[in-house]
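# Residue-level structure breakdown
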Amino acid sequence: MNFTVGFKPLLGDAHSMDNLEKQLICPICLEMFSKPVVILPCQHNLCRKCANDVFQASNPLWQSRGSTTVSSGGRFRCPSCRHEVVLDRHGVYGLQRNLLVENIIDIYKQESSRPLHSKAEQHLMCEEHEDEKINIYCLSCEVPTCSLCKVFGAHKDCEVAPLPTIYKRQKSELSDGIAMLVAGNDRVQAVITQMEEVCQTIEDNSRRQKQLLNQRFEALCAVLEERKGELLQALAREQEEKLQCVRSLIRQYGDHLEASSKLVESAIQSMEEPQMALYLQQAKELINKVGTMSKVELAGRPEPGYESMEQFTVSVEHVAEMLRTIDFQPGASREEEDEEVALDGEEGSAGPEEERPDRPEGIGPH
């Protein structure tokens, strides 16, 4: 059902009055503010009843003023700017009244001789019957219409109701819907806040676990480095012992070789002596020395395989395979992890002579 709208100002400054009227509309019930009017911390205004409806919807467990239980207050968001309003135990009754707005409403009602929105209603005319006002509501077609349309027109077989009745009912439904929507928005905002807190907690926990993981692997690497140093020291000791033994034999053989060479030189010089008597005086002694030198038994040589260091081979395959199986343990509690980190720290500060019972097996000379 279409209808035309005509504007016929009743007052000399009707436009200003309309602007004033718009400023006096409650954003919840869409009606002019009803006393008392409360002013929110963000300086927006609400009917006390509307503010209480929004507050109760956002705080369903809050005790009313008549309750014997003292509540700790609650909060809701301003429907105009979404600013969070925190209330004390008095609820909306603890908000300050806006007497200025209430006085303006009184003045406006005195200056206006018509109800709210009456100008608009007076100028809603039926399109089919231009001289008829829109004064009834067709329940079947769900459109406003005029009386002639019901009697003679397209809505003569439809069920109708008075326009003010439907107006008030739908206004009330819309007001309730707005209050529920505002309360729902507050709940959604609360859920978003909770999820943001969950994200922050995830980041904090992840950062902490990364630190613990780095500490665990650094402690494990420290154990491996320490054990590697111990094995390298054992290998170096064995090397030094064998080298000293072989070098001692080399010195003995060298001394024998040097003495033998000197004896050979002396024997050759003696053989070159042309005088037989002089030669015979020295020959007996030289012959005895050569015979004794040739019969000297040396200290011996290193046994075959003495130079081998294969006994210092380590097998790390099974240890490497064990390291590859390291994985997270979701069932471990935080207290247990802290205790394990403390134990790792104590083991890391132990002296080199202390026994380490949880050192991986198989790392040692075979």
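Residues numbered from 1 in each chain as written. Predicted model: local features only at pLDDT ≥ 70, side-chain atom pairs only at ≥ 80, totals over all residues. Heavy atoms only, no water.

By the naming in an unreviewed UniProt entry, the chain goes by Tripartite motif-containing protein 54 and is assigned to Ceratotherium simum simum. One UniProt comment on the chain, placed under Function (unreviewed entry), says "May bind and stabilize microtubules during myotubes formation." (UniProt positions renumbered as here; feature names shortened; annotations may be inferred.)

## Some thoughts on the overall build of the chain
When its secondary structure is counted, the chain shows nine helices and 10 strands. A buried classification covers 24% of the 366 residues belonging to the chain. When contacts within the chain are restricted to residue pairs at least 6 apart in sequence, long-range pairs at least 24 apart make up 60% of them. Of the roughly 25900 Å² that the chain leaves accessible, carbon and sulfur atoms contribute 55%. (Helix = DSSP H or I, 4+ residues; strand = E, 2+ residues; numbered from the N terminus. Buried < 20%, exposed > 50% of the residue type's maximum accessible area, 1.4 Å probe, protein only. Contact = heavy atoms within 4.5 Å. Areas by Shrake-Rupley, 256 points an atom, 1.4 Å probe, with all protein chains shown as cover.)

## Observations concerning the nonpolar core
With 27 residues, the main nonpolar core has C26, L40, L46 and F76 as its most contacted residues. Contributions of two or more residues to this core are made by β2 (37–39), β3 (45–47), α2 (48–58), β5 (84–87), α3 (99–111) and α6 (163–271). For this core, the leading source of residues is α2, giving four residues. Apart from the residues within four sequence positions on either side, F76 is in contact with L40, L46, V54, F55, S58, H83, E84, V85, L87 and D186. (Core = buried A, V, L, I, M, F, W, Y, C linked by side-chain atoms within 4.5 Å.)

## Let's talk about the packing of aromatic side chains
Going through the model one piece at a time under the given rule, you end up with one aromatic pair. Look at F55 and F76: their rings are 6.1 Å apart centre to centre, the planes differ by 70°, and that puts the pair in the edge-to-face class. Here F55, found in helix α2, pairs with F76, found in strand β4 (residues 74–77); they are 21 residues apart in sequence, far enough to count as distant. With respect to burial, F55 and F76 carry one shared label: buried. The ring of Y306 has K242 lying over it, and the distance from NZ or CZ to the ring centre is 5.2 Å. (Phe/Tyr/Trp six-rings, centres within 6.5 Å; stacked < 30°, edge-to-face > 60°. Lys NZ or Arg CZ within 6 Å of the ring centre and 35° of its normal.)

## A few points about α2
Among the residues of α2, R48, C50, A51, N52, V54, F55 and S58 are the ones counted as buried. If you follow the buried residues of α2, they end up packed against β2, β3, β4, β5, β6 (96–97) and α6.

## What to know about the packing of α6 against helix α7 (residues 276–294)
Running from N to C, α6 and α7 point in directions that differ by 155°, and their axes come no closer than 10 Å. In terms of orientation, α6 lies roughly antiparallel with respect to α7. Read as a crossing pair, α6 and α7 show a hand that is left-handed. In this structure, α6 uses H256, A259, S260, L263, S266, A267, S270 and M271 to contact α7, whose residues at the interface are Y279, Q282, L286, K289, V290 and M293. Of the residues belonging to the contact of α6 with α7, the class tally is eight nonpolar, five polar and one charged. (Axes fitted to C-alpha atoms, helices over the stretch in contact; angles between N-to-C directions. Parallel < 35°, antiparallel > 145°, perpendicular 65-115°, else oblique. Left-handed = near helix turned anticlockwise from the far one by under 90°. Nonpolar A, V, L, I, M, F, W, Y, C, P; charged D, E, K, R; others polar.)

## Describing the sheet that holds strand β8 (residues 136–138)
Across the sheet, three strands lie side by side as β9-β8-β10; this open sheet has antiparallel pairing. A strand with exactly one partner marks an edge of an open sheet, and here the two such strands are β9 (143–145) and β10 (160–162). Mean inter-strand twist for the sheet, computed between neighbouring axes without regard to direction, equals 35°. Sheet topology note: the β8/β9 ladder contains three bridges and is antiparallel. (Pairing = 2+ DSSP bridges.)

## Side note on a negative patch on the surface
A cluster of acidic residues, E127, E128, E130 and D131, forms a negative patch at the surface. By the secondary structure assignment, E130 is in the loop between β7 (124–126) and β8. (Patch = residues over 30% accessible without salt bridge, like charges linked within 9 Å, V, L, I, M, F, W, Y side chains within 5 Å. Salt bridge = Lys/Arg side-chain N within 4 Å of Asp/Glu carboxyl O. Lys, Arg positive; Asp, Glu negative; His and termini not counted. Charge placed at Lys NZ, Arg CZ, Asp CG, Glu CD.)

## Considerations on the pattern of salt bridges
Under the criterion given, the structure shown has 12 salt bridges. Among the salt bridges present, the one from E84 reaches R75, with a minimum N-O distance of 3.4 Å. Taking the relative accessible area as the measure of exposure, R75 reaches 44% and is therefore partly exposed. Its salt-bridge partner being K262, residue E258 comes within 3.6 Å of it at the nearest N-O pair.

## Looking at a nonpolar patch on the surface
Nonpolar side chains collect at one region of the surface, where L213, F217, L224, M322, L323, I326 and F328 lie side by side and expose about 630 Å² of accessible area between them. Counting only elements with at least two residues in the nonpolar patch, the list comes to α6 and α8 (317–324). Here the element with the most residues in the nonpolar patch is α6; it accounts for three residues. Position of I326 among the secondary structure elements: in the loop between α8 and α9 (334–348).

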